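Chain and residue survey
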Amino acid sequence: MDVKRVKDYLYWLYYQYQLVTCSYVLEPWEQSMFHTITVTVLAMVAYTAYVFVPIHVRLALEFFSQILGPQAESAV
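Residues numbered from 1 in each chain as written. Predicted model: local features only at pLDDT ≥ 70, side-chain atom pairs only at ≥ 80, totals over all residues. Heavy atoms only, no water.

Under an unreviewed UniProt entry, the name given to the protein chain is Serine palmitoyltransferase small subunit B, and the source organism is Nicator chloris. Per UniProt, the comment on the protein chain under Sequence similarities (unreviewed entry) is "Belongs to the SPTSS family. SPTSSB subfamily." Regarding the protein chain, the UniProt comment filed under Subcellular location (unreviewed entry) reads as follows: "Endoplasmic reticulum membrane". (UniProt positions renumbered as here; feature names shortened; annotations may be inferred.)

Listed below in structure tokens is the structure:
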């Protein structure tokens, strides 16, 4: 893959991000604060999902396995 094409694509993604969030109208120091807060919130959401989602999935599986009862083994 061409490096220039990847660079242009990443620049386009960043431009789309600025358009969606309307951060292009902010002053430079406001942009840096906005981006810092956004990245911090996204990192906290990702960490929380990484830590707590597997626990809740395991508890849900245990709950439903108790409700449905033990599965009958097939006789061979």
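Moving on from the coordinates now.
Some words on the overall build of the protein chain
Of the regular secondary structure elements, the protein chain holds 2 helices and 0 strands. In the protein chain, which comprises 76 residues, the share counted as buried stands at 5%. With the model as given, the accessible surface of the protein chain reaches about 7,200 Å², and the carbon-plus-sulfur share is 71%. (Helix = DSSP H or I, 4+ residues; strand = E, 2+ residues; numbered from the N terminus. Buried < 20%, exposed > 50% of the residue type's maximum accessible area, 1.4 Å probe, protein only. Areas by Shrake-Rupley, 256 points an atom, 1.4 Å probe, with all protein chains shown as cover.)

Brief notes about a nonpolar patch on the surface
Taken together, the side chains of Trp29, Met33, Ile37, Val41, Met44 and Val45 present a nonpolar region at the surface, about 630 Å² in accessible area. Inspection of the secondary structure assignment puts Trp29 in helix H2 (residues 28–68). A relative accessible area of 55% means that Trp29 is categorised as exposed. (Patch = residues over 30% accessible without salt bridge, like charges linked within 9 Å, V, L, I, M, F, W, Y side chains within 5 Å. Salt bridge = Lys/Arg side-chain N within 4 Å of Asp/Glu carboxyl O.)

Some words on the UniProt feature "transmembrane region" (unreviewed entry) in the protein chain
UniProt's entry tags residues 32–53 with the feature "transmembrane region" (unreviewed entry), counted in the numbering of this structure. Secondary structure over residues 32–53 splits into 100% helix and 0% strand, and the C-alpha atoms at its two ends are 31 Å apart.

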